[in-house]
Amino acid sequence: MKAAAAALVLACGVAHADDGDAFAAIGARLAHGELTTPAAIDAYEALGHAPVTRWTDDAWSEAARLAERAGDFARARTDLQAAIAASDDARLIARAHAGLARLGASAWDAVAADHDRLVRSLDDRGDPRPALASLEALARAHPTYPRGTSLRLALARGWEANGDADRAIAWLVDATGREDGGHARVELAHVLLRHDREARATIAAVDDPVTRALLADELDARVRRAHLHVALWLVLAALAVAAAAGVRRIGWRRIARPPGEVLFVAPIALVLAGVATTGNPLVARAVWTLAIAGVAIAWLSGALLAARPGRLWIAGVALVAAACVAYLALDHGSLATMIAETWRTGPQL
């Protein structure tokens with residue numbers, strides 16, 4: 001691995017390392033996704049092992065920063081010590097000593113192990129709430145944990161996926177107050193937008209202008225979707241009034257007995273809703289909404305068609321109502337995003 005990393009550094013221009021070309025090239029390739037974080041750490045360390053230049057201490061310092069972010073605290077400590085040994089820059093040495101003091105001899109290794117174990121357990125089948133509660137306890141018990149922002153992002157994703165947007169937002173707000181909370185601010189803006197919360201101030205505080213512009217475009221799209229929601233609710237209200245008028249004309253007793261299609265659909269809908277209740281709360285809420293609305297629409301349309309045979313427009317109105325309900329149910333919260341992600345990448349097994 002070290003030999004490969006050294007070859008990478010050479011390919012990036014180590015012959016001109018003194019002018020910073022190799023150092024800058026590693027950072028650029030990492031930023032553009034051409035290098036993974038572990039490969040970038042290897043490359044910076046290989047640059048540190050190369051003949052000493054004025055960039056040697058910076059290479060060790062950057063390797064330590066990435067290793068700390070990746071949770072490899074032992075490697076980060078080693079790289080910080082190498083940076084101190086190679087440097088005559090008082091400020092860099094002071095930062096490295098501060099980093100060593102923050103990391104401690106092995107103070108965070110056990111916390112990082114618990115962090116990684118609990119995050120992995122969130123992907124297991126079953127109720128994720130106990131693991132999320134343990135992660136919350138870990139975050140509160142270790143407020144200065146170097147990977148605290150990553151931990152809070154995992155908590156936010158977990159709670160949002162389980163239908164608790166308020167809890168997710170609270171952890172993201174907490175993360176934005178940390179030193180490396182810039183990414184958390186972007187995630188907070190996305191969550192606020194997904195749940196139709198006020199996000200303008202959060203978007204305005206995003207540092208990167210490109211990301212800020214993309215979020216502003218997403219906000220505009222959310223406003224348009226909110227207007228569409230209002231329109232769909234108005235359509236459903238009009239259809240409900242029309243259905244009530246139709247039922248009044250045929251008599252309320254005509255709908256007391258459920259049509260045959262309801263007797264067929266209702267048990268299936270009940271089973272599906274019951275199964276959904278044992279899983280993700282967002283999915284369960286949508287399935288229950290679709291089940292109840294679907295049975296109600298089938299009941300009313302079936303009764304009206306039985307009383308007025310041949311009126312096919314009644315079936316068309318029922319389809320419109322079902323489409324409106326389906327869109328509103330699936331567009332709630334982040335469910336539509338989850339469905340799109342599942343469609344793109346496949347279900348987790």
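Rules and cut-offs
Residues numbered from 1 in each chain as written. Predicted model: local features only at pLDDT ≥ 70, side-chain atom pairs only at ≥ 80, totals over all residues. Heavy atoms only, no water. Helix = DSSP H or I, 4+ residues; strand = E, 2+ residues; numbered from the N terminus. Contact = heavy atoms within 4.5 Å. Areas by Shrake-Rupley, 256 points an atom, 1.4 Å probe, with all protein chains shown as cover. Axes fitted to C-alpha atoms, helices over the stretch in contact; angles between N-to-C directions. Left-handed = near helix turned anticlockwise from the far one by under 90°. Nonpolar A, V, L, I, M, F, W, Y, C, P; charged D, E, K, R; others polar. pLDDT = per-residue confidence, 0-100. Buried < 20%, exposed > 50% of the residue type's maximum accessible area, 1.4 Å probe, protein only. Phe/Tyr/Trp six-rings, centres within 6.5 Å; stacked < 30°, edge-to-face > 60°. Lys NZ or Arg CZ within 6 Å of the ring centre and 35° of its normal. Salt bridge = Lys/Arg side-chain N within 4 Å of Asp/Glu carboxyl O. Core = buried A, V, L, I, M, F, W, Y, C linked by side-chain atoms within 4.5 Å. Expected span 1.5 Å × (residues − 1). Arc of directions from axis to C-beta. Polar contact = N/O pair within 3.5 Å; in protein donor to acceptor, adjacent residues only side chain to side chain.

Enquirer: Tell me about the overall build of the protein chain, and please be specific about residues and values.
Expert: Looking only at helices and strands, one finds 17 helices and 0 strands in the protein chain. A sequence separation of at least 24 residues applies to 59% of the contacts in the protein chain between residues at least 6 apart. For the protein chain, the computed accessible surface area is about 19,300 Å², with 63% contributed by carbon and sulfur atoms.

Enquirer: Please set out the packing of helix 13 (residues 209–250) against helix 16 (residues 312–330) residue by residue, giving values where relevant.
Expert: Taken N-terminus to C-terminus, the directions of helix 13 and helix 16 make an angle of 145°; their axes are 10 Å apart at the nearest point. Seen along the crossing, helix 13 lies across helix 16 with a hand that is left-handed. On helix 16, the residues touching R225, L228, H229, L232, W233, V235, L236 and L239 of helix 13 are V317, V320, A321, C324, V325, Y327 and L328. A class-by-class count of the residues in the contact of helix 13 with helix 16 yields 13 nonpolar, 1 polar and 1 charged.

Enquirer: Outline the confidence of the model for the protein chain, supporting the account with residue identities and numerical values.
Expert: Close inspection of predicted coordinates is inappropriate in any region flagged by low pLDDT. Considering every residue of the protein chain, the mean pLDDT works out to 82; 88% of them sit at 70 or more. With pLDDT under 50 throughout, residues 1–19 is counted as low confidence; its partners more than four residues away or in other chains account for 34 contacts.

Enquirer: Could you give an account of unusual backbone geometry, with specific residues and numbers?
Expert: At D196, a residue that is not glycine, the phi angle is positive and equals roughly 55°. Tracing the backbone through its elements, the reader meets D196 in the loop between helix 11 (182–194) and helix 12 (200–204). For D196, a relative accessible area of 53% gives the class exposed.

Enquirer: Talk me through the packing of aromatic side chains; I want residue IDs and the actual numbers.
Expert: Throughout the structure, instances matching the rule amount to 3 aromatic pairs. Relative to Y44, the ring of F23 has its centre 5.5 Å away and its plane inclined at 55°; by these criteria the two rings are tilted. Placement of F23 in helix 2 (residues 21–31) and of Y44 in helix 3 (residues 37–49) is noted, with a sequence separation of 21 residues between them. No difference in accessibility class separates F23 from Y44, as the two residues are buried. By relative accessible area, which is 19% here, F23 ends up buried. Grouped by ring-pair contacts, the aromatic residues F23, Y44 and W55 constitute a single cluster. Lying across the ring of W159, R167 places its NZ or CZ 4.0 Å from the centre.

Enquirer: Explain the pattern of salt bridges to me, and be specific about the residues and the numbers.
Expert: Inspection of the entire model under this criterion finds 12 salt bridges. Between D42 and R75 there is a salt bridge, with its nearest N and O atoms 2.5 Å apart. A residue pair is termed long-range when its members are at least 10 positions apart, and D42 in helix 3 and R75 in helix 5 (residues 73–86) qualify at 33 residues. You can call D42 buried: its relative accessible area is 6%. Judged by its relative accessible area of 24%, R75 falls in the partly exposed class. Sharing partners across several salt bridges, the network here consists of D42, E45 and R75.

Enquirer: Can you break down the side chain of H115 residue by residue, with the values?
Expert: Position of H115 relative to the elements: it lies in helix 7 (residues 109–121). Looking at H115, the relative accessible area reads 2%, which means it is buried. Discounting chain neighbours no more than four positions away, the residues touching H115 are L135, L138, Y145, R147, S150 and L151.

Enquirer: Break down the nonpolar core for me, citing the residues and quoting the values.
Expert: I26, Y44, Y145, L151, L155, I203 and L215 are the most contacted members of the largest nonpolar core, which totals 54 residues. In terms of residues, this core owes the most to one element, helix 11, which gives 7 residues. One finds A318, C324, V325 and L328 within the second-largest nonpolar core, a separate group that totals 9 residues.

Enquirer: How would you sum up the side chain of R147? Please name residues and give values.
Expert: Note that R147 resides in the loop between helix 8 (129–141) and helix 9 (148–161). Each residue touching R147, except ones within four places of it in the same chain, is listed here: E68, R69, A70, G71, F73, A112, H115 and D116.

Enquirer: For helix 6 (residues 90–103), give the residues involved together with the corresponding values.
Expert: Over its 14 residues, helix 6 runs 20 Å from end to end, which matches the ideal 20 Å to within 8%, given 1.5 Å per residue. When we look at burial in helix 6, the residues that qualify are L92, A96, G99, L100 and L103. All buried residues of helix 6 fall inside an arc of 100° around its axis, so they share one side. Exposed and facing more than 90 degrees away from the buried side of helix 6 are A90, R91 and A101. For helix 6, the elements touching its buried residues are helix 4 (56–69) and helix 5. Structurally, the start of helix 6 carries an N-cap: the backbone nitrogen of R91 is 2.9 Å from a side-chain oxygen of D89.

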